[in-house]
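Read off the chains here:
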Amino acid sequence: MPVDTAVLHRFSLRAPLVATLAGAVLSLSGCTMFGGAKDPVVPVSASPDAGAQTVQASKLQKVLWIFSPYRPDIQQGNFISQEMLTQLKVGQTREQVKFLLGTPLLTDIFHADRWDFPFYLARGNGELTSSRVTVYFKDNKVEKFDGGNLPTEKEYIARIAGPSKVAAKEAPKKEDAGSASIKINK
């Protein structure tokens, strides 16, 4: 029976190692499921004038992101900037609105005189941004629109790509009005 004792001896040394590795794998897989087991909650606006809303990831989610798999940025809907919304005027036709804001994501046969432009951006780091612009028509002309406080195009690009390095450089200082300077070359 010397074979049985040799097998038992090897098994008794490997069992704690295998149990430790199995526990580590299960705990790490549990960490990845902790923050992403269910779909992220989209912030819901109480009033249509609330505009774009951004929800940041918690500190615990940021720490656990180290153990989670890669998550790409997901953008859905039409991004509408503050500049685009300022071009929208009451009395414009549906074609003009479609030219300015794009094709509406939601059109309803029960509400034919209403176009909804929802926007949803889920960053890979857990940050969620959502906004909604609603345009109401009467006789195929814009009657009113709701959108609220939307980000500018520069703010949106900074959110996607990070802060610009050009903005970090200082702009040349302008002289005060009424002051004069003389440059003498020798």
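As recorded in an unreviewed UniProt entry, the protein chain goes by Outer membrane protein assembly factor BamE and comes from Massilia mucilaginosa. Quoted verbatim from the Sequence similarities (unreviewed entry) field of the UniProt record, the comment on the protein chain reads "Belongs to the BamE family." The UniProt entry for the protein chain carries this comment under Subcellular location (unreviewed entry): "Cell outer membrane".

Helix and strand content of the protein chain: six helices and six strands. Its helices and strands in sequence order give the protein chain the pattern α-β-α-β-α-α-β-β-β-β-α-α, from N to C terminus. Partitioning the intrachain contacts of the protein chain with sequence separation of at least 6 by distance along the chain shows that 63% fall at a separation of at least 24. Of the roughly 14100 Å² of accessible surface on the protein chain, 61% is carried by carbon and sulfur atoms.

Once that is clear, we can look at the nonpolar core. In terms of nonpolar packing, the biggest core is built from 14 residues, with Ile80, Leu88, Val97, Leu101, Phe117, Val133 and Val135 touching the most fellow members. Those elements that place two or more of their residues in this core are helix H3 (82-87), helix H4 (94-101), strand E4 (114-122) and strand E5 (128-138). Every residue in contact with valine 97, bar those within four places of it in the chain, is listed here: Leu88, Gln92, Gly102, Trp115, Phe117, Val135, Phe137 and Val142.

All right, on to the packing of aromatic side chains then. A full pass over the atoms with the stated rule returns five aromatic pairs. For the pair phenylalanine 119 and tyrosine 156, a centre-to-centre distance of 5.8 Å together with 75 degrees between the ring planes defines the contact as edge-to-face. A residue pair is termed long-range when its members are at least 10 positions apart, and phenylalanine 119 in strand E4 and tyrosine 156 in helix H5 (residues 153-161) qualify at 37 residues. The pair formed by phenylalanine 119 and tyrosine 156 is uniform in burial state, with each residue classed as buried.

What counts as what
Residues numbered from 1 in each chain as written. Predicted model: local features only at pLDDT ≥ 70, side-chain atom pairs only at ≥ 80, totals over all residues. Heavy atoms only, no water. UniProt positions renumbered as here; feature names shortened; annotations may be inferred. Helix = DSSP H or I, 4+ residues; strand = E, 2+ residues; numbered from the N terminus. Contact = heavy atoms within 4.5 Å. Areas by Shrake-Rupley, 256 points an atom, 1.4 Å probe, with all protein chains shown as cover. Core = buried A, V, L, I, M, F, W, Y, C linked by side-chain atoms within 4.5 Å. Buried < 20%, exposed > 50% of the residue type's maximum accessible area, 1.4 Å probe, protein only. Phe/Tyr/Trp six-rings, centres within 6.5 Å; stacked < 30°, edge-to-face > 60°.

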